[in-house]
Amino acid sequence: MISSNQVNIYVHHAPGETRAVATDLTGRPTHLFSQRWSGRGERARFGDVMNARLRTFADHVQGAFVELASGEEAFLRLKTRDGLTEGALLRVVVKSEMRHEKLARVAQAEGAITEGPAFERWCEALPYGAKVVSDNDAEMVDAAFEDALASLVTLPKGGRLYIEQTRALTAFDIDTAGRKGRGSAGARALALNRDAAREMARQASLRGLGGNLVLDCVGPLNAAARNEIQSTTLNALKAIGLAAPKVLKPSPIDLLEASIPWRVQPLGDQINSDPSETVLLELLRAAQREAAANSMQFYELCLGGAVWQAYLARRNDADAAIETHFGGRLTVSESPGAESRITKR
């Protein structure tokens, strides 16, 4: 049971990956965490302070390209060179993580280099007070990640919200199907738009979105309703911990525009950055469920094509995870075809 001053964090330690979800005070998922292979070779995370080497100036865009201690390339904004030279060692803080076709962005910083497990730092950064951690709740975690990858979500009081991410913006379209309400058409529209605005904020947080968000509101809207939808959106974005939001009133054609700074890598980018590795981890989670349901059964994971290559690329990490989670009950072999599957043996 979640009290009025407490939120829950649900964690699933899967073979090769730790995933977690934090809920808000109503129990709805709002923030996701994922770390593969205990963080080995992972991207720089938002807020990390680390050393970097200045590699090349880019005066035409007022910045420079730096190499982070992890080996990742990042962009550093610089108004002037300010005595810096190529090859200089800098201390930087990650302002936004790498995402599709975009380098991580960093700024010069002072202070100690970030240490400690990434999961603990994620917990500390959540915009909530008291937190209770529940380990190995695979069902809750799976459901939250599926929610964050879905193209549509159902609003709590009925109606649906369709979500489509493009290069320029993320569009949110309201569908009234299944929505019931009382009062005038304007009152019903206002209630639906406010619910959709809150859901837009939750989904932006879950999915790791930034940049421009556009909500196609339902009419009719008068001046007071436009003000109320704007304030609802702004408050929802702030409450969920999305920093420095900007929100405009719905336009004459009922489009509400908002923007938030990019901070974390979007979940879709995390999934698609290495699709074969993602499939490998999904298979390992499926094998974990199978093994938990039948504690006496032995299994074989047959991997084909690109998934087998993904396993070979991470063989030491993968074998260590398999030994930890299965203790000899799961073996891995190469499939003669492209198909990958789990079989009993």
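Parameters and conventions
Per chain, residues are indexed from 1 in the order of the written sequence. Two thresholds apply to this predicted model, a pLDDT of at least 70 for residue-level local features and 80 or more for giving and counting side-chain atom pairs, whereas whole-chain, interface and lining totals are computed over all residues. Heavy atoms throughout the structure, all of them, feed into the side-chain values; hydrogens and water do not. Strands are labelled as partners when DSSP assigns at least two bridges between them. The numbering of helices and of strands both runs from the N terminus, where a helix is a DSSP run of H or I of at least 4 residues and a strand a run of E of at least 2. Every residue pair with non-hydrogen atoms within 4.5 Å of one another is taken to be in contact. Interaxial angle, 0 to 180 degrees, is taken between N-to-C directions of lines fitted to C-alpha atoms, where a helix line uses only the stretch in contact. Should an angle fall under 35 degrees it is taken as roughly parallel, and over 145 as roughly antiparallel, whereas 65 to 115 is taken as roughly perpendicular and any remaining angle as oblique. Residues are grouped as follows: Ala, Val, Leu, Ile, Met, Phe, Trp, Tyr, Cys and Pro are nonpolar; Asp, Glu, Lys and Arg are charged; every other residue, Gly included, is polar. Buried means the residue's accessible area, taken with a 1.4 Å probe over protein chains only, is under 20% of the maximum for its type, while exposed means over 50%, and partly exposed covers the values in between. This arc corresponds to the set of directions leading from the helix axis out to the C-beta atoms. Any Phe, Tyr or Trp ring, taking Trp's six-membered ring, that has another such ring centre within 6.5 Å forms a pair; planes under 30 degrees apart are called stacked, those over 60 apart edge-to-face, and the others tilted. Lysine and arginine charges are scored as sitting over a ring when NZ or CZ, respectively, is within 6 Å of the ring centre and within 35 degrees of the ring normal.

A.B. asks: Can you help me understand the sheet that holds strand 15 (residues 255-260) in this one?
C.D. replies: Strand-to-strand pairing in sheets goes through backbone hydrogen bonds, with the strands running parallel or antiparallel. One open sheet holds the 6 strands; their spatial order is 10-11-12-13-15-14, and the pairing between them is mixed. Strands at the two margins of the open sheet, each flanked by one partner only, are strand 10 (152-154) and strand 14 (246-247). Strand direction decides the pairing type here: strand 12 (residues 169-175) and strand 13 (residues 211-216), joined by 5 bridges, are parallel. Bridge pairing in strand 13 places Phe172 opposite Leu215. Against the sheet, helix 3 (residues 185-207) touches strand 10, strand 11 (160-165), strand 12, strand 13 and strand 15, its axis set at about 150 degrees to strand 13.

A.B. asks: It is not clear to me how the packing of helix 6 (residues 275-293) against helix 7 (residues 305-313) should be interpreted in this structure. Could you clarify?
C.D. replies: Axes are the key here: two packed helices are described by the angle between their axes and the distance separating the axes. In contact at an axis separation of 8 Å, helix 6 and helix 7 are set at 85 degrees when each is read in the N-to-C sense. Relative to helix 7, the element helix 6 lies roughly perpendicular. Contacts from Ser276, Glu277, Val279, Leu280 and Leu283 in helix 6 reach Ala306, Val307, Ala310 and Tyr311 in helix 7. Of the residues that constitute the contact of helix 6 with helix 7, the class distribution is 7 nonpolar, 1 polar and 1 charged.

A.B. asks: What should I look at first to understand the pairing of strand 8 (residues 104-108) in this one?
C.D. replies: Side-chain direction in a regular strand flips from residue to residue, so the side chains alternate between the two faces of the sheet. Of the strand pairs in this sheet, strand 6 (residues 73-77) and strand 8 are connected by 3 bridges, and their pairing is parallel. Residue Ala74 lies in a different strand from strand 8, and its bridge partner there is Ala104. Pairing analysis gives 4 bridges linking strand 7 (residues 89-96) to strand 8, with the strands arranged antiparallel. Its bridge partner lying in strand 8, Val92 is registered against Gln108.

A.B. asks: Would you mind going over the pairing of strand 5 (residues 63-68) with me for this structure?
C.D. replies: Across 6 bridges, strand 4 (residues 49-58) lies against strand 5 in antiparallel orientation. The partner of Thr56 across the bridge, within strand 5, is Phe65. Remark: 4 residues form the turn of the hairpin made by strand 4 and strand 5, two consecutive strands paired antiparallel; Gln62 in that turn has positive phi of roughly 50 degrees. Here strand 5 pairs with strand 6 via 5 bridges, running antiparallel. Residue pairing across strands places Glu67 opposite Glu73, the latter belonging to strand 6.

A.B. asks: Is there a simple way to explain the sheet that holds strand 5 in this structure?
C.D. replies: Spatial ordering of the closed barrel is given by 4-5-6-8-7, a layout of 5 strands whose pairing is mixed. The mean angle between the axes of side-by-side strands here comes to 55 degrees, regardless of whether they run parallel or antiparallel.

A.B. asks: Sorry, what's going on with helix 1 (residues 118-125) here?
C.D. replies: For an α-helix, the turn length of 3.6 residues means that residues three or four places apart are oriented alike. Of all the positions in helix 1, only Ala118, Trp122 and Cys123 are classed as buried. The arc that holds the buried residues of helix 1, viewed along the axis, is 140 degrees, so those residues lie on one side.

A.B. asks: Before we go on, may I ask you to explain the environment of Ala287 in this structure?
C.D. replies: Among the secondary structure elements, Ala287 is positioned in helix 6. Separated by 18 residues in the primary sequence, Ala287 and Gly305 place their C-alpha atoms 19 Å from one another. The contacts of Ala287, once residues within four sequence positions are left out, are Phe326, Leu330 and Ile342.

A.B. asks: Teacher, can you tell me more about the packing of aromatic side chains here?
C.D. replies: When we look at a pair of aromatic rings, we describe it by the centre distance and by the angle of the planes. Considering all chains together, one arrives at 5 aromatic pairs under this definition. With a centroid separation of 5.5 Å and an interplanar angle of 40 degrees, the aromatic rings of Phe33 and Trp122 are classed as tilted. Here Trp122 lies in helix 1 and Phe33 lies in strand 3 (residues 29-36), a separation of 89 residues in the sequence. Put simply, the rings of Phe33, Phe119 and Trp122 touch in pairs and so form one group of aromatic residues. Directly above the ring of Phe145 sits Arg19, whose terminal nitrogen or CZ lies 4.4 Å from the centroid.

A.B. asks: I tried to follow the environment of Arg99 on my own but got confused; where do I start?
C.D. replies: Here Arg99 lies in the loop between strand 7 and strand 8. Separated by 199 residues in sequence, Arg99 and Phe298 have C-alpha atoms that sit 39 Å apart. The contact partners of Arg99, leaving out residues within four places of it in the chain, are Trp262, Gln265, Pro266 and Asp269.

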